[in-house]
Amino acid sequence: MKIKIKAFGIAAEKCGRKEWEQSFPDQLLLSELRSILSSDFPALSQIINHSLALNQAYIHEDIVLKDGDEIAIIPPVSGG
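Our subject in this report is the structure included herewith. (Residues numbered from 1 in each chain as written. Predicted model: local features only at pLDDT ≥ 70, side-chain atom pairs only at ≥ 80, totals over all residues. Heavy atoms only, no water.)

**Comments concerning the overall build of the protein chain**
Argument step 1. On a plain count of helices and strands, the protein chain comes out with two helices and five strands.
Argument step 2. Shown N-terminal to C-terminal, the secondary structure of the protein chain runs as helices and strands in the order β-α-β-α-β-β-β.
Argument step 3. For the protein chain, whose C-alpha radius of gyration is 12 Å, the value lies close to the compact-globule estimate of 12 Å for 80 residues.
Argument step 4. C-alpha atoms of the protein chain, sized along the principal axes, occupy 40 × 25 × 20 Å.
Argument step 5. Buried positions account for 36% of the 80 residues belonging to the protein chain.
Argument step 6. Of all intrachain contacts in the protein chain linking residues separated by at least 6 positions in sequence, the fraction that spans at least 24 positions is 55%.
Argument step 7. Here the protein chain has roughly 4,900 Å² of accessible surface; of this, 50% comes from carbon and sulfur atoms.
Argument step 8. Computed over 8 positive and 11 negative side-chain charges, the inter-centroid distance for the protein chain is 7 Å. (Helix = DSSP H or I, 4+ residues; strand = E, 2+ residues; numbered from the N terminus. Rg over C-alpha atoms; globule rule 2.2 N^0.38 Å. Buried < 20%, exposed > 50% of the residue type's maximum accessible area, 1.4 Å probe, protein only. Contact = heavy atoms within 4.5 Å. Areas by Shrake-Rupley, 256 points an atom, 1.4 Å probe, with all protein chains shown as cover. Lys, Arg positive; Asp, Glu negative; His and termini not counted. Charge placed at Lys NZ, Arg CZ, Asp CG, Glu CD.)

Next comes the structure, spelled out in structure tokens:
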């Protein structure tokens, strides 16, 4: 299955790109995708507490991904 991945802010810098599609095996959990992304982009581990969103919503990481899903890698944000 193909998943669209978008990285924002410092996460895009650590991944070396802002947006891409990548193929993954079927029945992949969001938590497994996090591990794969950390392996593919070791610099992501430097971003403490980055979040993953699925189809523009924050969800639990025990969700099974589907073909065509969109993942966002979101670094911590601050502001006032």
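Back to the text.
**Thoughts on the nonpolar core**
Side chains of a nonpolar character, in soluble globular proteins, are inclined to be buried together.
Argument step 1. In terms of nonpolar packing, the biggest core is built from 21 residues, with Leu37, Leu65, Ile71 and Ile73 touching the most fellow members.
Argument step 2. Not counting residues up to four positions away in its chain, the partners in contact with Leu65 are Met1, Ile3, Leu28, Leu29, Leu30, Leu33, Leu54 and Ile71. (Core = buried A, V, L, I, M, F, W, Y, C linked by side-chain atoms within 4.5 Å.)

**Examining the pairing of strand E3 (residues 51-54)**
Argument step 1. Taken together, the four bridges between E3 and strand E5 (residues 70-74) define a ladder with antiparallel strand orientation. Across the sheet, residue Ala53 finds its bridge partner in E5, namely Ala72.
Argument step 2. Both E3 and strand E4 (residues 57-58) contribute to a ladder of two bridges, which runs antiparallel. Its bridge partner lying in E4, Ala53 is registered against Tyr58.
Argument step 3. Two successive antiparallel strands, E3 and E4, enclose a turn made up of two residues, where Asn55 displays a positive phi of approximately 50°. (Pairing = 2+ DSSP bridges.)

**Quick look at unusual backbone geometry**
Argument step 1. Positive phi values are uncommon outside glycine, yet Asn49 reaches one of about 65°.
Argument step 2. Checked against the element boundaries, Asn49 lands in the loop between helix H2 (30-40) and E3.
Argument step 3. The exposure class of Asn49 is exposed, given its relative accessible area of 64%.
Argument step 4. If you check the backbone angles, Gln56 has positive phi at about 70° while not being a glycine.
Argument step 5. Structurally, the position occupied by Gln56 is in the loop between E3 and E4.

Scope: geometric values only; no functional claims are made or implied.
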